[in-house]
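Breakdown of the fold
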Protein chains: 2
Amino acid sequence: MTGVVRATYEIHGADARTRATALAVEQSHELPTEFAPDAALASLGVVVDFQQRSDSLAIAVVEYPEGLAGAELPQLLVVLLGNVSLQDGIRLVDIELPDSLVAAVGGGTRLGADGIRRVLGITDRPLLATALKPVGISATDLASMAAELAIGGIDVIKDDQGLANQGWAPFRERVLRVSEAVREANHASGNSAVYLPALAGPVELFEERLALVGEAGAGGILAMPGISGFDSMRRAATLLADDAIIMAHPSFLGGFTASLTHGIAPDVLFGPIMRVAGADAVIFPSSGGRFSLTREQCAAIAESSRKPFSGIPATIPAPGGGMSVARVPELVELYGQDVLLLIGADLHRGGDLRRSAAAFREAAVAAS
Amino acid sequence: MTGVVRATYEIHGADARTRATALAVEQSHELPTEFAPDAALASLGVVVDFQQRSDSLAIAVVEYPEGLAGAELPQLLVVLLGNVSLQDGIRLVDIELPDSLVAAVGGGTRLGADGIRRVLGITDRPLLATALKPVGISATDLASMAAELAIGGIDVIKDDQGLANQGWAPFRERVLRVSEAVREANHASGNSAVYLPALAGPVELFEERLALVGEAGAGGILAMPGISGFDSMRRAATLLADDAIIMAHPSFLGGFTASLTHGIAPDVLFGPIMRVAGADAVIFPSSGGRFSLTREQCAAIAESSRKPFSGIPATIPAPGGGMSVARVPELVELYGQDVLLLIGADLHRGGDLRRSAAAFREAAVAAS
């Protein structure tokens, strides 16, 4: 497909055909067609398919001229859902992008699932992730915690999203200390754990903090596109080393996924949108934990992280949010082998992080 | 109030008391309290008030230690709603911030309603705004359009949110041409219109484009915090000239406001959150137009734009999204005199923008 951004929307409620046409205009001209000069016809979104599925649900496919996005990721999001996010009953359920637009915004995912495995040197089992927490303890204590987890066998040790630049463990000190602790733990254990600091600070410190991640020898970053904007994640991908992992956290994105009749389908938000914005691993709240997505929605997220999408590499799904070691077999059955299992609090049960991490690793090996 | 971020949540559904306690933990430690070291008690969120209002609704007030936000706006958003945005039935309905935190993130709104009136030199009537559209016409044509609107009497002429850096009217050319056209129109008419270019481009071009806004003599910017992140708007406020207006657009924010049982109450999102993030004027979709907010929600937004909030100046509400000149009396009755009325497409009716703008101005004067 060349030259066209194709978006599929569910339209819930009455008058769906009229609303589909209005949507295409809203997301392009934002001006009734009778007022638009002929010269602007080349920038108008058009409904190319419409199907009324039931009294209260229709599916509309809209094609937008690629030029509307102006070769910039922020504007692509504006075109896909900017204004109509404010209208009831509109839900974005699929997107297709021209290769030229994907290339213009940097190509999306760099490492992806395969690249993360290559960096970690692990091909034969589900990957393991955890979070350093709670906020409120010192950088030294977080570093000790990271060392135990790395020695125990966790692959990806990320900051909790609650860690920023608070006084208890300031960003610079934390990144330096934890990176070193993980490096030493790897040296002692022969493991290849990586540490991903959370990066969602002030705009003016973005490049400085990214540079520190590199200098410290951290393995990449935990990005929060809901907080910092998706373009900030894309930009990070252009600045980080080629082997640095970008893991996306869903913080502040729940507005889009809470409703079945509005927003963005979770498998689109945590699938293609994260992929075009440069994520390598994508955290989402797994069913059966503390959050709201269903088992079917979660399976769809895993599916969409892998499906062919404009030549962008597959990301690795990272289900989390209240998972446990006991559930590893079930999670692997649901998500498949190519998954980055994220377990946080459950590893603290029993008070021995190294042992918990080892049990987590054993469970993953047994399920592989 | 010092040292505490206080957030009020509606909790919809069963087990609200248990969920309130879990929410306070989720948004601070993200770790069950029994696993947290004593040293971390100072960083734990606490439910300080809980009221069960009905079988399906409770109100919980949570106090978070100020230190959790780490003196950074992005992390404040993480604390207020980051993870629980992904839980059903949680809705943020009020926030109070310590003055020290507001100061640390730059003090919020600079000009606000009073400052915009001072810059424009207009004290005695509702203010008038419109948008340049549609995308797809040239910068020269947009500049001609802006001149007609400025001569006709519009105060604030903003880019449509659909204008970015597309080939039809690239950012640099557009900002230069439209700024000059508005300056010349003011010279000829004696009006004091300002032009606000839309600024939501790639992260790496943020400062360059902001600088161009200043060099071109544009009157400020149209910011899109839902696309670029709220911190990007805060940062713009630190870089723009003192008399530059920051107008916030609600693009891509509708996920938060679509539900009455989830997300963020519109009067919090378009009130305190926009104020702490530095907006001067706040666009929101007015009732009776193309979008979904009710009359009561809109009245509450106007109220919250003006209420005392940590010493941050009042913003001016900018209701839009399908408004018309015929509705000006009703809008002024709903929102009061201190409003920035945003009318777009309706001014194109009849094909004479200058005349439409003049009619808009007359209607506002008549309603004042």
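For the structure, check the block above.
Residues numbered from 1 in each chain as written. Chains lettered and ligands numbered in written order. Predicted model: local features only at pLDDT ≥ 70, side-chain atom pairs only at ≥ 80, totals over all residues. Heavy atoms only, no water.

**Remarks on the pairing of strand β12 (residues 281-285) of chain A**
Residues and elements named next belong to chain A. Selection criterion: For the exposure calls, accessible area comes from a 1.4 Å probe over protein chains only, and a residue counts as buried if that area is under 20% of its type's maximum, exposed if over 50%, partly exposed in between. Only runs of H or I of at least four residues qualify as helices and only runs of E of at least two qualify as strands under DSSP, and these elements are numbered from the N terminus. Paired strands, as defined in this entry, are two strands with at least two bridges between them according to DSSP. Seen with its strands pointing away from the viewer, a crossover is right-handed when the path leading from the first strand over the helix to the second is clockwise.
Among the 5 residues in β12, 5 count as buried, and that is most of the element. Alternating positions in β12 separate into two faces, A281, I283 and P285 on one and V282 and F284 on the other, with burial throughout. Where strand β10 (residues 245-248) meets β12, 2 bridges bridge the pair, whose relative direction is parallel. Each bridged residue has a counterpart across the sheet, and for A248 the counterpart in β12 is V282. Bridge count for β12 against strand β13 (residues 316-320) is 5 bridges, and the pairing is parallel. Pairing of V282 across the sheet is with P317, part of β13. Between β12 and its parallel partner β13, the chain crosses via helix α12 (residues 295-306), and the hand of that crossover is right-handed.

**With respect to helix α5 (residues 139-152) of chain A**
Two residues of an α-helix separated by three or four positions point the same way, owing to the 3.6 residues in each turn. Residues and elements named next belong to chain A. For clarity, the threshold we go by: Working rule for helices: expected span equals 1.5 Å times residues minus one. By definition, residues are in contact when any of their heavy atoms lie within 4.5 Å.
Between the first and last C-alpha of α5 there are 20 Å, a value that for 14 residues agrees with the 20 Å anticipated at 1.5 Å per step. Listed in full, the buried residues belonging to α5 are A139, L142, A143, M145, A146, A147, L149, A150 and G152. Elements in contact with the buried residues of α5: β5 (127-132), β6 (156-159), α6 (171-189) and α14 (353-366). Just downstream of α5, G153 is the residue with a positive phi angle, here 120°.

**A word on the interface of chain B and chain A**
Short version of the rule: Buried area: the accessible area, evaluated with a 1.4 Å probe, that two parts lose upon being put together, summed over both parts. Should a side-chain nitrogen of Lys or Arg be within 4 Å of a carboxyl oxygen of Asp or Glu, the pair is scored as a salt bridge. Residues adjacent in sequence count toward polar contacts only when both atoms are side-chain atoms; beyond that, a polar contact is any pair of N or O atoms within 3.5 Å, and within protein one must be able to donate a hydrogen and the other to accept it. Gly counts as polar in this scheme, as do all residues outside two lists: the nonpolar Ala, Val, Leu, Ile, Met, Phe, Trp, Tyr, Cys and Pro, and the charged Asp, Glu, Lys and Arg.
At the junction of the two partners, chain B supplies 77 residues and chain A supplies 77 residues. By the criterion of area lost to chain A, the three top residues of chain B are E72, L86 and F252 of chain B, representing 12% of everything that side buries. The tally of links from chain B across to chain A stands at 12 salt bridges. Taking the shortest distance from any N to any O, the salt bridge between E204 of chain B and R235 of chain A comes out at 3.9 Å. The tally of links from chain B across to chain A stands at 30 residue pairs in polar contact (both at pLDDT 80 or more). Sorting the residues of the side of chain B that touches chain A by element identifies α2 (73-81), α7 (206-216), α8 (225-228), α9 (230-239) and α10 (254-257) of chain B as the ones contributing at least two each. When the residues that make up the side of chain B that touches chain A are grouped by side-chain class, the tally is 37 nonpolar, 27 polar and 13 charged.

**A few points about the sheet that holds β6 of chain A**
Residues and elements named next belong to chain A. Heads up, the rule is: To get an axis, fit a line to the C-alpha atoms, keeping to the stretch in contact for a helix; angles then go from 0 to 180 degrees between the N-to-C directions.
Reading across from one edge, β7-β6-β5-β14 is the order of the 4 strands in this open sheet, with parallel pairing throughout. Looking along the sheet, the strands with just one partner apiece sit at the ends: β7 (194-196) and β14 (340-342). Between one strand and the next, the sheet's axes are offset by a mean angle of 25°, whatever the strand orientation. Alignment of β6 against β7, held across 3 bridges, turns out to be parallel. Paired with I157 across the two strands is Y195, which belongs to β7. Seen against the sheet, α5 touches β5 and β6 and runs at an angle of roughly 165° to β5.

**Description of the relation of the copies chain B and chain A**
One copy of the chain maps onto the second through a rotation around an axis plus a translation along that axis. As a reminder, the rule being used: We superpose the copies by least squares over the C-alpha atoms of residues that have a pLDDT of at least 70 in both of them.
Each copy superposes on the other: chain B lies on chain A with an RMSD of 0.0 Å after a rotation of 180° and an axial shift of 0.0 Å. With respect to symmetry, the two chain copies, as superposed, fit the operation of a two-fold axis.

**Describing the nonpolar core**
Worth spelling out the cut-off: Buried Ala, Val, Leu, Ile, Met, Phe, Trp, Tyr and Cys residues that are joined via side-chain atoms within 4.5 Å together make up what is termed a nonpolar core.
Counting residues in each nonpolar core, the largest one holds 270 residues, and the members touching the most others are F230 of chain A together with F230 of chain B. Once residues within four sequence positions are removed from consideration, F230 of chain A is found in contact with L73, L77, P225, L253, L269, I273, M274 and A277 of chain A together with I227 and F252 of chain B.

**Overview of the pattern of salt bridges**
Under the counting rule described, the total for this entry stands at 40 salt bridges over all chains. Among the ionic pairs, E30 of chain A bridges to R290 of chain B, the shortest N-O distance being 3.8 Å. Linking E30 of chain A in the loop between α1 (16-26) and β2 (46-54) with R290 of chain B in the loop between β12 (281-285) and α12 (295-306), this pair reaches from one chain into another. A salt bridge links E10 of chain B to R91 of chain B, with the nearest nitrogen and oxygen atoms 3.5 Å apart. Residue E10 of chain B is located in strand β1 (residues 4-12), and its partner R91 of chain B is located in strand β4 (residues 90-96); the two are separated by 81 residues in the primary sequence.

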